[in-house]
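# A look at the structure
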Amino acid sequence: KNQVEQSPQSLIILEGKNCTLQCNYTVSPFSNLRWYKQDTGRGPVSLTIMTFSENTKSNGRYTATLDADTKQSSLHITASQLSDSASYICVVSFSGGYNKLIFGAGTRLAVHP
Amino acid sequence: GAVVSQHPSWVICKSGTSVKIECRSLDFQATTMFWYRQFPKQSLMLMATSNEGSKATYEQGVEKDKFLINHASLTLSTLTVTSAHPEDSSFYICSAKTREGPGTQYFGPGTRLLVL
């Protein structure tokens with residue numbers, strides 16, 4: 001079964017600290033993996049996208065890694081800011097059918113001052 | 001670039017009425033648009049996929065007569081929730097896939113529907 005699992009479900013950190021979010025997937029055949037940030041009451045915004053051959057991708061303070069062998073990805077946030085408080089969703093593209101996306105349940109991050 | 005808008009951003013309606021939500025790709029042509037529903041603290045659930053000029057493909061368990069989708073052009077898709085009931089209250093998000101290459105999906109800001 002094609003699934004995407006994220007951990008932790010929720011996380012609280014202090015402003016300025018770093019954190020790492022995890023994503024494990026069983027999607028096959030795999031096309032690409034994306035991390036999205038979703039603010040409360042808003043649509044998801046793309047942070048990074050990685051294909052099978054890429055193992056790291058950065059976007060400012062966000063760095064995503066991908067290990068296609070173990071089917072794991074992580075999103076590392078450096079020097080967190082209050083505005084980083086949001087849900088972070090790992091999404092894997094399933095290449096077996098018209099670009100279908102498999103969504104993780106997300107990690108809810110709260111950054112406190 | 002690659003901006004997707006939705007209108008309205010929120011709507012409150014009485015039970016039994018129909019509500020139309022628009023999804024537009026503002027600066028690109030979208031071969032395919034997707035409609036998702038998201039309940040509180042849950043992830044997005046794909047409802048249907050629509051291609052311009054053809055009938056939408058609905059996911060299992062989604063009633064096509066209740067959620068009418070019209071993909072009128074390469075920049076506009078509409079979702080109509082017919083005879084809305086309180087259990088239809090949710091956050092509805094559309095996304096649009098760019099025309100070229102494998103296509104990246106860009107998401108709209110969402111529409112919050114509350115049915116009283």
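Let me begin by describing the structure that accompanies this report. Please read these numbers as outputs of a predicted model, since none were measured by experiment.

### Details of the sheet that holds strand β3 (residues 19–25) of chain A
Residues and elements named next belong to chain A. Read from one edge to the other, the open sheet built from 5 strands follows the order β1-β3-β8-β7-β6, with strand pairing classed as antiparallel. Of all strands in the sheet, those with a lone pairing partner are β1 (4–7) and β6 (56–59), marking the two edges. Within this sheet the neighbouring strands show an average axis-to-axis angle of 15°, counted without direction. Where β3 and strand β8 (residues 72–77) come together, 6 bridges link them in antiparallel fashion. Following the sheet pairing, Gln22 is matched in β8 by Ser74.

### Looking at the nonpolar core
Core analysis: the biggest nonpolar cluster contains 26 residues, and A:Val4, A:Tyr25, A:Leu33, A:Trp35, A:Leu75 and A:Tyr88 have the highest contact counts within it. Of all the secondary structure elements, the ones that give two or more residues to this core are β3, β4 (30–38), β5 (45–51), β7 (62–67), β8, β9 (86–94) and β11 (107–112) of chain A. Dropping the residues within four chain positions of it, A:Tyr25 is found in contact with A:Gln3, A:Val4, A:Phe30, A:Leu33, A:Leu66, A:Asp67, A:Ala68, A:Lys71, A:Gln72 and A:Val92. Of all hydrophobic cores here, the second largest spans 24 residues; its members include B:Val62, B:Val81, B:Cys94 and B:Leu113.

Calculation criteria
- Residues numbered from 1 in each chain as written.
- Chains lettered and ligands numbered in written order.
- Predicted model: local features only at pLDDT ≥ 70, side-chain atom pairs only at ≥ 80, totals over all residues.
- Heavy atoms only, no water.
- Pairing = 2+ DSSP bridges.
- Helix = DSSP H or I, 4+ residues; strand = E, 2+ residues; numbered from the N terminus.
- Axes fitted to C-alpha atoms, helices over the stretch in contact; angles between N-to-C directions.
- Core = buried A, V, L, I, M, F, W, Y, C linked by side-chain atoms within 4.5 Å.
- Buried < 20%, exposed > 50% of the residue type's maximum accessible area, 1.4 Å probe, protein only.
- Contact = heavy atoms within 4.5 Å.

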